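# Geometric and topological summary
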Amino acid sequence: MKDDRSTFTRRELLGATALLGLGGPLKRLAQATPADSDGGGHRERPNIIIFVPDEMRADALGCYGNPVAKTPNIDYLASVGTRFENCHVQFPVCGASRCSMVTGWPTSVRGHRSLYDFLKPYEPNLFRYLLYAGYDVFMFGKNDVLAPETYAGSLTAWGASGTAGLQSPASTPPQYPTTMLLPASGDRRSLNDYAVIQAAVKILERRETERPFCIFLALFEPHPPYTIPADFYDLYRPADIAPLAPPGLPRRPAFHAALREASGLDRVTDAEFRKLRAVYYGQVAYSDWLLGELIEAVHRTGREPDTALFLCSDHGDYTGDYGLVEKWPSGLEDCLTHVPLIGRIPGGVSGTVSRELVELFDIMPTCLELAGTKANHTHFARNLLPQLRGSPGDPDRAAFSEGGYNVYEPQAFEEIIEGLYGPKTRLQNERPETISRCAAIRTDRFKYIARPNGQSELYDCEKDRLQTNNLIAEGSMRTTLGQLQVRLMDWYINTSGVPVADRDPRGSPTYVPPVHFEHASDMRQLLDH
């Protein structure tokens, strides 16, 4: 482990970007000490930037071991900060995952499990805590976390949302087979994600206030459809893509076969899935280029010494694994739950890899600790500052994920959307049993996915990285399975249904009987005069 203090240096940064000419080399980031520093080269309460690509698998990045991925800026961030090797999300769908991320709550605490139930004003969130702690808080890009009425009380400003330059899945003509792979389109600076970064740059450039700020950058890429401007679209050759998890495996949940049949994916060849994966990697490379633009702006504005920068994602993507694309609300394989989490803080160590399991919602208490404040609600996330400063994580920790909706929860199901999402949303509504609730526990070696109404799964992740051999029925795994089941049950018992902080009086309110006008005629006479 390296314990030298993290800083963005010219030699390392140019070396990281030399292999990928995607918009010019980044400049070194300044090492000057701000005037209001604590003497260690950084503010006591640093600025915070959270860079959130949508649907980014951890194994799509060079620093996470992908041998073909060209992600020099993300890899560079890992080299000057801390990379969390094993971070898993709470739910494999955007809205639910983000609600967990900013509250520290599993989705079972308040039932935020759909794309239509976001955080209300009476519920806690990271942004409001920072706002009340004296930060200016900005959110640029897609939402999928706050109800409309929650914005004003949680954010200083927001914007740059939308799908400019994108081909919306809902407006795109139906496609069969529905691979969601589209031709290259647009220019790198015409996409809405570029506007999101430019909105952040304006905050970095401001000088009218010394208040610390938090910028939450919710990007669209590399979310499907699988398309990107031409200079990224053909960046990778399908032949160079590592083998995908094959389709048609035994003992898989029912939605695998149902979704493949409904979408025509059972007619798609391995070569076509490899092309899809190659384009997805191009989308990831575009996100990496955007991070480089952001880092360059942090340098140019002199913000590096007092700014913490985090990169994470809300969930992964099948991108051809098991013959599937996009995601599924009750899919809990690692390709959907294992996401990147990288953080660089002023005064933190550089080049550290924390291999112990962590969870995405650990972002919340970590940022609050950086800001010198704490959450005042019950939550289950953990502060990661010790790892960011060089200490080891918890070797006994497990990660927990939830997924799906039950047939008696129509309010949670996605509405039928035509276009590329037609087959997926129709399957959910016409065969709701394919999306029933499930939960998973991930330890350093095993993953157990419990499906009370379907096919449960158990994988030895050390021996089976792609999770292709379901061991749920193996007699030799009975003891391990029992231990995981008990641990998952204990977790549910200890985390579900957290009471609200407010206390209601136990007594009855004072009863005030209704007024009866026994002398109505006298009152009318009085009022008439």
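Criteria and thresholds
Residue positions are given per chain, counted from 1 along the sequence in the order it is written. With the structure being a predicted model, the display of local features is reserved for residues of pLDDT at least 70 and the display and counting of side-chain atom pairs for 80 or more, all residues being used for whole-chain, interface and lining totals. Values shown for side chains rest on all heavy atoms present in the structure; no hydrogens or waters enter the calculation. Here a patch means residues that are over 30% exposed by relative accessible area and free of salt bridges, tied together within 9 Å if like-charged and within 5 Å if nonpolar (Val, Leu, Ile, Met, Phe, Trp, Tyr). Reported accessibility uses the Shrake-Rupley method at a 1.4 Å probe radius. Residues are deemed covered only where the shown protein chains occlude them. We define a salt bridge as a contact between a side-chain nitrogen of Lys or Arg and a carboxyl oxygen of Asp or Glu at a distance within 4 Å. Secondary structure elements follow DSSP: runs of H or I of four or more residues count as helices, runs of E of two or more count as strands, with numbering from the N terminus. The quantity known as pLDDT measures the predictor's confidence residue by residue, on a range of 0 to 100. When checking whether two residues touch, look at their non-hydrogen atoms; a contact exists if any pair is within 4.5 Å. Strands are labelled as partners when DSSP assigns at least two bridges between them. Only C-alpha atoms enter the line fits that serve as axes; for helices the fit covers just the stretch in contact. Angles between N-to-C directions range over 0 to 180 degrees. Any residue under 20% of the maximum accessible area for its type is buried, any over 50% is exposed, and the rest in between are partly exposed; the area is computed with a 1.4 Å probe on protein chains only. Working definition: roughly parallel below 35 degrees, roughly antiparallel above 145 degrees, roughly perpendicular at 65 to 115 degrees, and oblique for all remaining angles. For this classification, the nonpolar set comprises Ala, Val, Leu, Ile, Met, Phe, Trp, Tyr, Cys and Pro, the charged set comprises Asp, Glu, Lys and Arg, and every other residue, Gly included, is treated as polar.

### What to know about a nonpolar patch on the surface
On the surface, Val486, Met489 and Ile493 cluster together into a nonpolar patch covering about 300 Å² of accessible area. If you trace the backbone, isoleucine 493 turns up in helix α14 (residues 478-495).

### Digging into the confidence of the model for the chain
Summing up the model confidence of the chain, the mean pLDDT is 90 and the portion of residues at 70 or higher is 88%. This stretch, residues 1-5, has a pLDDT under 50; its non-local contacts, to residues over four places away or in other chains, come to 14 contacts. Confidence drops under a pLDDT of 50 for residues 7-42, and excluding neighbours within four residues, the segment shows 75 contacts in the predicted structure.

### Quick look at the sheet that holds strand β12 (residues 446-450)
Strands pair in a sheet through their backbones, by hydrogen bonds, and they do so in one of two ways: parallel or antiparallel. Spatial ordering of the open sheet is given by β10-β11-β12-β13, a layout of 4 strands whose pairing is antiparallel. This sheet does not close on itself; its edge strands, each paired only once, are β10 (399-403) and β13 (457-460). Neighbouring strand axes in the sheet, compared pairwise and without regard to direction, differ in orientation by 10 degrees on average. In terms of strand pairing, strand β11 (residues 438-442) meets β12 through 4 bridges, oriented antiparallel. The residue bridging isoleucine 441 from the neighbouring strand is tyrosine 448, located in β12.

### Side note on helix α8 (residues 254-263)
A turn of α-helix holds 3.6 residues, and therefore any two residues three or four places apart point the same way. Looking at α8, one finds that the buried residues are Phe255, His256, Ala258, Leu259, Arg260 and Ser263. Tucked inside the fold, the buried residues of α8 contact α9 (270-300) and α13 (422-430). Just beyond α8, the residue with positive phi is glycine 264, at close to 75 degrees.

### Brief notes about the packing of helix α2 (residues 72-79) against α9
In the contact formed by α2 and α9, the axes pass within 7 Å of each other and the chain directions differ by 55 degrees. For the element pair α2 / α9, the angle class is oblique. In contact with Pro72, Asn73, Ile74 and Leu77 of α2, α9 contributes Asp288, Trp289, Leu291, Gly292 and Ile295. Grouping the amino acids of the contact of α2 with α9 by side-chain chemistry returns 6 nonpolar, 2 polar and 1 charged.

### A short note on the side chain of lysine 327
Mapped onto the secondary structure, lysine 327 falls in the loop between β6 (307-312) and α10 (334-337). Taking the relative accessible area as the measure of exposure, lysine 327 reaches 5% and is therefore buried. Aside from chain neighbours lying at most four places away, what touches lysine 327 is Glu55, Pro92, Val93, Cys94, His223, His315, Tyr318, Leu336 and Lys424.

### Considering the pattern of salt bridges
With the rule as written, the count across this model stands at 38 salt bridges. Glutamate 462 is paired through a salt bridge with arginine 445; the nearest N and O atoms lie 3.9 Å apart. Of this pair, glutamate 462 sits in the loop between β13 and α14 while arginine 445 sits in the loop between β11 and β12, and the two are 17 residues apart along the sequence. By relative accessible area, which is 28% here, arginine 445 ends up partly exposed. Connected via shared salt-bridge partners are Asp54, Arg98, Lys142, Asp144 and Asp314.

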